[in-house]
Protein chains: 2
Amino acid sequence: MPATDLPDRAVVDLLGLVAFGELLAFERMAVDARLAPDLRRRAALGEMAAAEIGNYRRLADRLAALGVLPDDAMAPYVEPLQAYHDSTEPRDWAEAVTKAYVGDAITDDFIREIAAALAEPDRQLVLDVLHDSSYADFAVAEIRAAVEADPKVAGRLSMWARRLVGEALSQAGRVAAAERGALTALVAQSGRVDVPGLFGRLTAAHAARMAAAGLNN
Amino acid sequence: MPATDLPDRAVVDLLGLVAFGELLAFERMAVDARLAPDLRRRAALGEMAAAEIGNYRRLADRLAALGVLPDDAMAPYVEPLQAYHDSTEPRDWAEAVTKAYVGDAITDDFIREIAAALAEPDRQLVLDVLHDSSYADFAVAEIRAAVEADPKVAGRLSMWARRLVGEALSQAGRVAAAERGALTALVAQSGRVDVPGLFGRLTAAHAARMAAAGLNN
């Protein structure tokens, strides 16, 4: 099935999922910024958060242009995404930046893969909301500094990252259930996403990021 | 004294004050957004918050260009501004938008008056961080809708607005103490700010805004 014939429902589901993910990431990072040890770092996480709400606006505008209320498109994902964040509240600054680093990157990898199944302009739109690498650089530097200040932190953050991935996977199952099959069908039918290899690529990229930050996978 | 001869200390004090005000307004509005009754409104307050952190960045960059660490310039204001927000935590959505409406507008009025004492490029910079009137329009519409849904809310929000102004004035005294006199001297010496009339203009503008939102002053 050519990309231009893909069902609108799937596009709406994906835009709604990504939009609510951005909105929630914004809120949580803004809250987590208060864990920062100084105002410079606090503002840096706040700016990372602000980029997410800018992306939210683009996605919500696109949903509106498709004749869909953004709230309706996002509604199925409120519970699983909220549950992910509720179950992964960082206790300190190092956990907060690790969460931003791990969560942003896995989300980006997932979106980049799924985007292949979309027609334009939606493909470019979702690729545009991927994160600037400067945010990852900031997070890696903060994680490395925390480990340097106290080497014991490496083990704790490694465990924390595993928990983040575990919780994300657990909620991903509920997200898949929430999207009512259209998105899964889009991806399967597009023939442009290598679904069997997807999981392997996401976890390999995650492992590489852990190593880059000096953590164990 | 011409504006170009004004002491740098005062400019740094003002930029630090406005910068920290923006950073904190960002965080509090992002947190308060969770009180929204739906995702559309939640995102709207989030976007208002994000505009503040964008302004923060411009002010912090200017401080850095002046050879000052933004954290140092902001440090004297952390306690009084934090105390203002701690003492005015909104309990529901109507209180949250009222706080954003009242707080943003009084801050803007104050900055607009003080800007007259600054030389360029700082004058234009602080004028640039004033809020877009679309935010006030949004807040007014939300307040009016809350009052329409339950007329008793008007009295409660009117009292809430008075409390916001009272707490702001109370902390303004501590801000004045924190800025070590340079800013006050700048304003007094510039001859461009009508200090005796300042308080009267701020309160008159506040009263007009309360009326526009259907509240009593």
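Residues numbered from 1 in each chain as written. Chains lettered and ligands numbered in written order. Predicted model: local features only at pLDDT ≥ 70, side-chain atom pairs only at ≥ 80, totals over all residues. Heavy atoms only, no water.

**Structural notes on the packing of aromatic side chains**
Residues and elements named next belong to chain A.
Working step 1: Counted under the stated rule, the structure contains three aromatic pairs over all chains.
Working step 2: Both rings, one in W93 and one in F138, keep their centres 6.4 Å apart while their planes meet at 70°; by these two values the pair is edge-to-face. Of this pair, W93 sits in helix α4 (residues 93-115) while F138 sits in helix α6 (residues 133-149), and the two are 45 residues apart along the sequence. (Phe/Tyr/Trp six-rings, centres within 6.5 Å; stacked < 30°, edge-to-face > 60°. Helix = DSSP H or I, 4+ residues; strand = E, 2+ residues; numbered from the N terminus.)

**Structural notes on the interface of chain A and chain B**
Working step 1: Every contact between the two is made by 26 residues of chain A and, on the other side, 26 residues of chain B.
Working step 2: Between chain A and chain B the total buried area reaches about 2,100 Å² when both faces are included, carbon and sulfur atoms providing 60% of it.
Working step 3: The largest contributions to the chain A side of the interface with chain B come from E27, L39 and R42 of chain A, which together make up 26% of the buried area.
Working step 4: Put simply, chain A and chain B have four salt bridges between them.
Working step 5: A salt bridge links E47 of chain B to R57 of chain A; its shortest N-O distance comes to 2.7 Å. (Contact = heavy atoms within 4.5 Å. Buried area = accessible area lost by both parts, 1.4 Å probe. Salt bridge = Lys/Arg side-chain N within 4 Å of Asp/Glu carboxyl O.)

**Side note on the relation of the copies chain A and chain B**
Working step 1: Overlaying chain A on chain B yields an RMSD of 0.0 Å, the required transformation being a rotation through 180° with an accompanying axial translation of 0.0 Å. The two molecules are tied by a two-fold rotation axis, judged by turn and shift. Minimal C-alpha separation from the rotation axis in chain A is found for A50 of chain A, amounting to 2.4 Å.
Working step 2: The overlap is high: 100% of the interface residues of chain A also sit at the interface in chain B, so the same surface is used on both sides. (Least-squares fit on C-alpha atoms with pLDDT ≥ 70 in both.)

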